[in-house]
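This is what each chain is made of:
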Amino acid sequence: MIQTEGITKSFGSLQVLKGIDLTIGEGEIVAIVGPSGAGKTTLLQIIGTLDAPDSGKLYINGTETVRLSEEKLAAFRNRNIGFVFQFHQLLPTVAEKRAKEILDFMNLTDRMSHKPNELSGGEKQRVAVARALINNPSVILADEPSGSLDTKNKEELHKLFFDLRSQIHQTFVIVTHDEQLATDTDRVIHIKDGTVQQLKGES
């Protein structure tokens, strides 16, 4: 489903990723954890094709993304990848038909006509997940998705991820500092100093 081989990335003289090899299976919920500055968000952006590695390969559903032109890459990203960020980044308009189906699933139908500033933090983040699902992506990449939520909304959001996995076999890759969420995922990828430290559940 997702495979990285020897992914490196530097910003100036600082090497942030130092050869990342990963395989993430379809329908897996994987957490990426590690200290600030370890390279977690950089790795997520590369997997999401928002940034290119300096070297190495990235395959998503068998497609080697670094070989695609900018135009083809943008189309591939729109079809295959959904994004959820810590701060919801909602726009006032949504694609209606598919949005209605997803909002029904998330018990947000009564919020369909609300503007982003009329929603609670938890509702905004559920709408952000709905937006990420609009194109039936192969994978949803989430960067600290529950970082700005209180305990109740955080738990509801995490439950939503697992519901989506069980009902539509959705794959999630989540950068998180939330220990409970990391513990609940299928696998935890520990990144420190730009390298994978250990993979829980793998020998």
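Now for a description of the structure that goes with this document. Quantities reported herein were computed from a predicted structural model and do not represent experimental measurements.

## Considering the packing of aromatic side chains
Part 1 of the reasoning: By the definition in use, this model includes two aromatic pairs.
Part 2 of the reasoning: Centroid distance Phe-83 to Phe-85: 6.1 Å. Interplanar angle 5 degrees. Geometry classified as stacked.
Part 3 of the reasoning: Arranged with centres 4.7 Å apart and planes meeting at 40 degrees, the rings of Phe-161 and Phe-172 form a pair that is tilted. In this pair, Phe-161 is assigned in helix α5 (residues 151-168) and Phe-172 in strand β8 (residues 171-175), connecting sequence segments 11 residues apart. The two residues Phe-161 and Phe-172 agree in class, both being buried.

## Here we look at the packing of helix α3 (residues 96-105) against helix α4 (residues 121-133)
Part 1 of the reasoning: Where α3 meets α4, the closest approach of the two axes is 9 Å, and the angle between their N-to-C directions is 130 degrees. Relative to α4, the element α3 is oriented oblique. Handedness of the α3/α4 crossing: right-handed. Contact with α3, carried on its side by Arg-98, Ile-102 and Leu-103, involves Val-127, Ala-130 and Leu-133 of α4 and no other residues of that element.
Part 2 of the reasoning: Classifying every residue of the contact of α3 with α4 by side-chain character gives five nonpolar, no polar and one charged.

## Thoughts on the sheet that holds strand β1 (residues 2-11)
Part 1 of the reasoning: As summarised here, the arrangement of the four strands in space is β2-β1-β4-β5, forming an open sheet in which the pairing is antiparallel. Whereas interior strands pair on both sides, the edge strands pair on one side only; in this sheet they are β2 (14-24) and β5 (63-64).

Reading guide: rules and limits
Residues numbered from 1 in each chain as written. Predicted model: local features only at pLDDT ≥ 70, side-chain atom pairs only at ≥ 80, totals over all residues. Heavy atoms only, no water. Phe/Tyr/Trp six-rings, centres within 6.5 Å; stacked < 30°, edge-to-face > 60°. Helix = DSSP H or I, 4+ residues; strand = E, 2+ residues; numbered from the N terminus. Buried < 20%, exposed > 50% of the residue type's maximum accessible area, 1.4 Å probe, protein only. Axes fitted to C-alpha atoms, helices over the stretch in contact; angles between N-to-C directions. Parallel < 35°, antiparallel > 145°, perpendicular 65-115°, else oblique. Left-handed = near helix turned anticlockwise from the far one by under 90°. Contact = heavy atoms within 4.5 Å. Nonpolar A, V, L, I, M, F, W, Y, C, P; charged D, E, K, R; others polar. Pairing = 2+ DSSP bridges.

Purely geometric numbers; function is a separate question.
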